[in-house]
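Given next are the chains, with one letter for each unit.
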Amino acid sequence: MKKQIILLRGVTPTGKNKVPMALLRVALEEAGLENVRTYIQSGNVLASTGLEQSATERLVHEVIKNKFGGDLVVFARSPAYFKHALQQNPFKSADTGKLYFTFLAARPDAVLLQNFLAPGYAPDKIEVIGDIAYIVCATRYSDSKLNNAFIERKLKVSATTRVYNTLAKLVELSGE
């Protein structure tokens, strides 16, 4: 069994993408994941499984779709992947409350990435390393143009974002 951190994109407190974390824990354990834990209501799950990343993503997606009706994008990665993301952060001196990690489903196409980064987004800062976009917001994330929908549209790849503190807590909870 390997630990995985599973991020759900698009969980909402109400509406079609409402996924109660307590019920999700039960549903995922019934589907075969073990030691399922959730962290805050925004779609962060820790679990153990013998499944590979893509199989875990499919399983969690199907459980959510069948039990709760949501059609969410699911990202499953090892705790070591997220620990490495924290370590390779290019904005080490940034205020962690304004530092965001946008995880991409795949490395973006080089031409799309170059075109995306070309205009710059001052006063916000962004750097993309592999399949992770590191973002420092000058004010609030909600004020930034660099949100999931914008990034997905420009890079043509699914994405989900977490603030530094949430990501660090998930890594801590995983025991990594």
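Refer to the structure presented above.
Along each chain, the written sequence defines residue order, and numbers are assigned to residues from 1. Side-chain atom pairs in this predicted model are given and counted only at pLDDT of 80 or more, local residue features only at pLDDT of at least 70, and totals for whole chains, interfaces and linings cover all residues. Note: side-chain values were computed over all heavy atoms of the structure, leaving out hydrogens and water.

A. Broad picture of the sheet that holds strand β8 (residues 159-163). Here, a strand pair is defined by DSSP locating no fewer than two bridges between the strands. The secondary structure listing takes helices from DSSP runs of H or I that are at least 4 residues long and strands from runs of E that are at least 2 residues long, numbered from the N terminus. Overall, antiparallel pairing links the 4 strands, which are arranged β6-β7-β5-β8 in an open sheet. The sheet is open, and its two edges are formed by β6 (125-129) and β8, each paired on a single side. Sheet twist, expressed as the mean angle between neighbouring strand axes with direction ignored, is 20 degrees. Any two residues whose heavy atoms approach within 4.5 Å are treated as being in contact. Throughout, an axis means a line fitted to C-alpha atoms (over the contacting stretch in the case of helices), and angles, computed between N-to-C directions, take values from 0 to 180 degrees. Of the strands in this sheet, β5 (99-104) and β8 touch helix α6 (residues 164-174), which is tilted by about 90 degrees from β8.

B. Quick peek at the pairing of strand β7 (residues 132-136). Burial status follows relative accessibility: with a 1.4 Å probe on protein chains alone, a residue under 20% of its type maximum counts as buried, one over 50% as exposed, and anything between as partly exposed. Counting buried residues in β7 gives 5 out of 5 residues, a clear majority hidden from the surface. Burial of β7 is two-sided: the residues Ile132, Tyr134 and Val136 facing one way and the residues Ala133 and Ile135 facing the other way are all buried. Direction of pairing for β5 relative to β7: antiparallel, over a ladder of 5 bridges. Looking across to β7, one finds that leucine 99 is bridged to valine 136. In this sheet, β7 lies alongside β6 in antiparallel orientation, the contact comprising 5 bridges. The residue of β7 that forms the bridge with isoleucine 126 is isoleucine 135.

C. Representation of a positive patch on the surface. Patch criteria: residues need more than 30% relative accessible area and no salt bridge. Like-charged residues are merged within 9 Å; nonpolar side chains of Val, Leu, Ile, Met, Phe, Trp and Tyr are merged within 5 Å. Each accessible area is a Shrake-Rupley result for a 1.4 Å probe, and residues are judged covered by the shown protein chains and nothing else. We define a salt bridge as a side-chain nitrogen of Lys or Arg found within 4 Å of a carboxyl oxygen belonging to Asp or Glu. We score Asp and Glu as negative and Lys and Arg as positive, and we do not count His or the chain ends. Where a charge sits is defined by one atom per residue type, namely NZ (Lys), CZ (Arg), CG (Asp) or CD (Glu). Among the surface-exposed residues, Lys145, Arg153, Lys154 and Lys156 lie close enough to one another that they form a single positively charged patch. Tracing the backbone through its elements, the reader meets lysine 154 in helix α5 (residues 148-155). Residue classification places lysine 154 among the partly exposed positions, given a relative accessible area of 39%.

D. Examining the side chain of histidine 61 more closely. Looking at where histidine 61 falls in the secondary structure, it is placed in helix α2 (residues 53-68). A distance of 3.5 Å separates a polar atom in the side chain of histidine 61 from a polar atom in the side chain of glutamate 62. Each polar contact in these results corresponds to two N or O atoms within 3.5 Å; when the atoms are within protein, one needs to be able to donate a hydrogen and the other to accept it, and residues that are neighboring in sequence are counted only if both atoms are side-chain atoms.

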